[in-house]
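# Inside the fold
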There are 2 protein chains.
Amino acid sequence: MSDPTTPAPSTSGISRRGLFGLAGAGVVGLGVGAAVDRFVLPPTASAQENAAVYPFFGEHQSGIVTPAQDRLHFASYDVADISRDELVELLQDWSAAAALMTQGKEAGQFGAVSGNYDAPPDDTGEALGLPASGLTITIGFGPTLFQTADGTDRFGIASRRPAALVDLPHFPADMLQDALSGGDLCIQACSDDPQVAVHAIRNLSRIAFGRANIRWSQLGFGRTSSTTKAQQTPRNLFGFKDGTANIKAEDTGVLSDQVWASGSDGADWMTGGSYLVSRKIRMTIETWDRTSLREQEAVIGRTKGEGAPYSGGTEFSEPDFAATGQGGAPLIAKDAHVRLSHPDQNSGAQLLRRGYNFVDGNDELGRLNAGLFFIAYQRDPREQFIPIQMNLAKNDAMNEYIRHVGSAIFAVPPGAHQGGYVGETLFGA
Amino acid sequence: MSDPTTPAPSTSGISRRGLFGLAGAGVVGLGVGAAVDRFVLPPTASAQENAAVYPFFGEHQSGIVTPAQDRLHFASYDVADISRDELVELLQDWSAAAALMTQGKEAGQFGAVSGNYDAPPDDTGEALGLPASGLTITIGFGPTLFQTADGTDRFGIASRRPAALVDLPHFPADMLQDALSGGDLCIQACSDDPQVAVHAIRNLSRIAFGRANIRWSQLGFGRTSSTTKAQQTPRNLFGFKDGTANIKAEDTGVLSDQVWASGSDGADWMTGGSYLVSRKIRMTIETWDRTSLREQEAVIGRTKGEGAPYSGGTEFSEPDFAATGQGGAPLIAKDAHVRLSHPDQNSGAQLLRRGYNFVDGNDELGRLNAGLFFIAYQRDPREQFIPIQMNLAKNDAMNEYIRHVGSAIFAVPPGAHQGGYVGETLFGA
């Protein structure tokens, strides 16, 4: 793969040490000989497993074509009534902390800050001693950052809103909840250790205090797509492999065509960026689990075990939508998910998916509140997510078993250069 | 460690294969030559990491002194209006499925059951191809299983309710929500892979359909205690090490005294079992994060980095509660958590803790809904959890930063013998 922003993970095992050394000072200040609280932490048992370290700086933000990590903490933020300069400062602060945390360091000083025991530590501490665990932090800008619903140009950037950053239309059967939708800013934190992902969102939220506030957030516990050819296809909570036909990091030509925004799209500052659409999709798994295997496979258009198209072959065989069986009926039904979502049925449009399974406890009827937190990256939602989802929302046999309850869209700017910040191409020019 | 029910994990890499072989039948039934969907799944990338396999059958249930796994899915159930025989059947069905899943197998047939493509698969499928991942399934009985609040003896076991299975008293400052508390039955599923833990709870809930229904459930993403001396002490969301002084599996004498129920306690059928208390403890982490390091460490009574007692030494040094500093003030404050929870302050009572961090999204004010899902095993809550918690609830400096919002107690019977079921000592006699 030639993409310079997603090298093979280093396994140097950088760990969260060394920023600390003064924390014993308070005890010493009490006049007793308590041990000075120095950090020489041995690597944890998982240090070897979670040794991947991805760069924060680069042409593209990490967390898009990076090999999909196992865990997600995603947060959407409302920006407070602050000035443009204050917003820029927030993005600078976030970038600086993200550059540290993605390298396995704390968000700031963990112990007594500048020897001051009467201040809170800069870092909240729960990831201390844990390796970087493949952490990526990806920052995006929602439509309302550019212009609020009443048309206010809060930060003087309304004229630079990319045409591709549309307000998503209403799709048939949408049951969106406002409290699970939208947002001025987003942060996607992916890691192989949930404690590391949670630590990142928590500390970035803390840094934003008074400037931006979490609007909604989502934990995901199992990735549902591979983003590299080396990764096996994982399963979603329908029990089916998901993401077999996903765009992979190795498909550099497809990435250029379908994922990375280009200056020729009309917003220069987004060159090397991408557009993120998230959808919180609740699955009615209890109903699904009472459905026959025949129905389940017909809905998907693939076998449940191997994940092969119903037209035959193995997982990575191309589906043959023309193949027919007894009585001339198509082997892959007209309303099968694999047919309706296939590029051939969508003018060649594809998505780079990075979704995660979720279980948010249970509802009052004792059903697991479970499903898919869908994330897709693309060059232009007007040509990709929107027509594909319109097609699915109208026709997909799967609709009987899902409910879209949350939705958001964000422009994900290109990566920052060393010492710069995410958003500099928009605000710095 | 001499406990026969918790051997060192086998690394034979048992995986979820082989129960399938007929799933292609439906396609073949359509009259076409689609590939038969056989399973020869290669091991996943994580197979080596998650190869631990623990026995389901044994003197004690697994999941108590088993080395604490990284992830939790816990569910509490209300039992429907069923007969004693039907309840026994449910426990038998749960035990049979648990015995399979803990060994890395599916809960039942994954593909077409007995060749019948028009039935749902016995297993929901999302863990297919994943290793056992250290899965343990631990089943408990709540007080209301023995006798409902209005005194009804639903299953003819009211007279056999152990005296130690008390209704927990109200503790000062409790803010318990009924929807997060209590339950007739519980299942604790722990695994190093959350998809495996979720798969277990989902399939056991499905098996219970019409007989028991989830009352509340909780996912946990980071263990907060070590249960063996080989495990490093993890950190809770206050950023402090948690569980330094936990009972460890190697402390067999302490286990006998403090964890395992004995026939001499008055309920023969609980011999080799234990009593589980769970508390959902929300932490007001935003407030905590704005508190000085001095205050944070004073509240805990330990340093944040090393986790050493404030009286000096290193993590595993015994706290010296008599040590004083300037002006004769105790180094470990009178209201410090480490002091109030120490066995010396509680007539020697200890708990085997197995808690997990949680983040359940955020509240409407944008604060993370985060905290500790506390789980403790013990021989008799009347002598252990209740007096300790009464002491803490009245005096602990930490109370300013936490809120107990859920609570439950369960009698966890001894392990089943091969071919038997959990609860047989109660129902089978």
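All values reported here derive from a predicted model rather than from experimental measurement.

## Thoughts on the overall build of chain A
- The secondary structure content of chain A amounts to 10 helices and 10 strands.
- Out of the 429 residues belonging to chain A, those deemed buried represent 62%.
- Restricting the contact set of chain A to residue pairs at least 6 apart, pairs at least 24 apart contribute 76%.
- When the accessible surface of chain A is totalled, it reaches about 14,800 Å², and 51% of it is carbon and sulfur.

## Description of the interface of chain A and chain B
- Counting residues at the interface gives 79 residues for chain A, matched by 79 residues for chain B.
- Carbon and sulfur atoms make up 56% of the surface buried where chain A meets chain B, a total of about 6,200 Å² over both sides.
- Counting the surface chain A buries against chain B, the share from its top three residues, Tyr117, Arg202 and Leu293 of chain A, is 10%.
- At the surface where chain A touches chain B, the tally comes to four salt bridges.
- Asp289 of chain B is paired through a salt bridge with Arg202 of chain A; the nearest N and O atoms lie 2.8 Å apart.
- Counting the contacts that link chain A with chain B gives 24 residue pairs in polar contact (both at pLDDT 80 or more).
- If you list the elements that add at least two residues to the side of chain A that touches chain B, you get α1 (25-29), β1 (71-79), α4 (194-207), β4 (212-220), α6 (285-289), α7 (293-300) and β8 (356-362) of chain A.
- Sort the elements by how many residues they give to the side of chain A that touches chain B and β4 of chain A lands first, with six residues.

## Points about the UniProt feature "domain: Dyp-type peroxidase C-terminal" (unreviewed entry) in chain A
- As annotated by UniProt and renumbered to match this structure, "domain: Dyp-type peroxidase C-terminal" (unreviewed entry) occupies residues 233-416 of chain A.
- For residues 233-416 of chain A, helix accounts for 19% and strand for 22%, while the C-alpha atoms at its two ends are 31 Å apart.

## Quick notes on a negative patch on the surface
- Taken together, the side chains of Asp81, Asp85, Glu86 and Glu89 of chain A present a region of like negative charge at the surface.
- With respect to the helices and strands, Asp85 of chain A occurs in helix α2 (residues 84-101).

## Remarks on the UniProt feature "domain: Dyp-type peroxidase N-terminal" (unreviewed entry) in chain A
- According to UniProt, the positions carrying the feature "domain: Dyp-type peroxidase N-terminal" (unreviewed entry) are residues 61-221 of chain A.
- Across residues 61-221 of chain A, the secondary structure splits into 22% helix and 19% strand, with the terminal C-alpha atoms separated by 22 Å.

## Here we look at the pairing of strand β1 (residues 71-79) of chain B
Residues and elements named next belong to chain B.
- Most of β1 is tucked away: eight of the nine residues are buried.
- Pairing analysis gives seven bridges linking β1 to strand β3 (residues 185-191), with the strands arranged antiparallel. Bridging across to β3, Phe74 finds its partner in Gln188.
- Two strands pair when backbone bridges link them, and β1 and strand β4 (residues 212-220) are joined in this way by eight bridges, in the antiparallel orientation. Residue pairing across strands places Asp78 opposite Asn213, the latter belonging to β4.

Criteria and cut-off values
- Residues numbered from 1 in each chain as written.
- Chains lettered and ligands numbered in written order.
- Predicted model: local features only at pLDDT ≥ 70, side-chain atom pairs only at ≥ 80, totals over all residues.
- Heavy atoms only, no water.
- Helix = DSSP H or I, 4+ residues; strand = E, 2+ residues; numbered from the N terminus.
- Buried < 20%, exposed > 50% of the residue type's maximum accessible area, 1.4 Å probe, protein only.
- Contact = heavy atoms within 4.5 Å.
- Areas by Shrake-Rupley, 256 points an atom, 1.4 Å probe, with all protein chains shown as cover.
- Buried area = accessible area lost by both parts, 1.4 Å probe.
- Salt bridge = Lys/Arg side-chain N within 4 Å of Asp/Glu carboxyl O.
- Polar contact = N/O pair within 3.5 Å; in protein donor to acceptor, adjacent residues only side chain to side chain.
- UniProt positions renumbered as here; feature names shortened; annotations may be inferred.
- Patch = residues over 30% accessible without salt bridge, like charges linked within 9 Å, V, L, I, M, F, W, Y side chains within 5 Å.
- Lys, Arg positive; Asp, Glu negative; His and termini not counted.
- Charge placed at Lys NZ, Arg CZ, Asp CG, Glu CD.
- Pairing = 2+ DSSP bridges.

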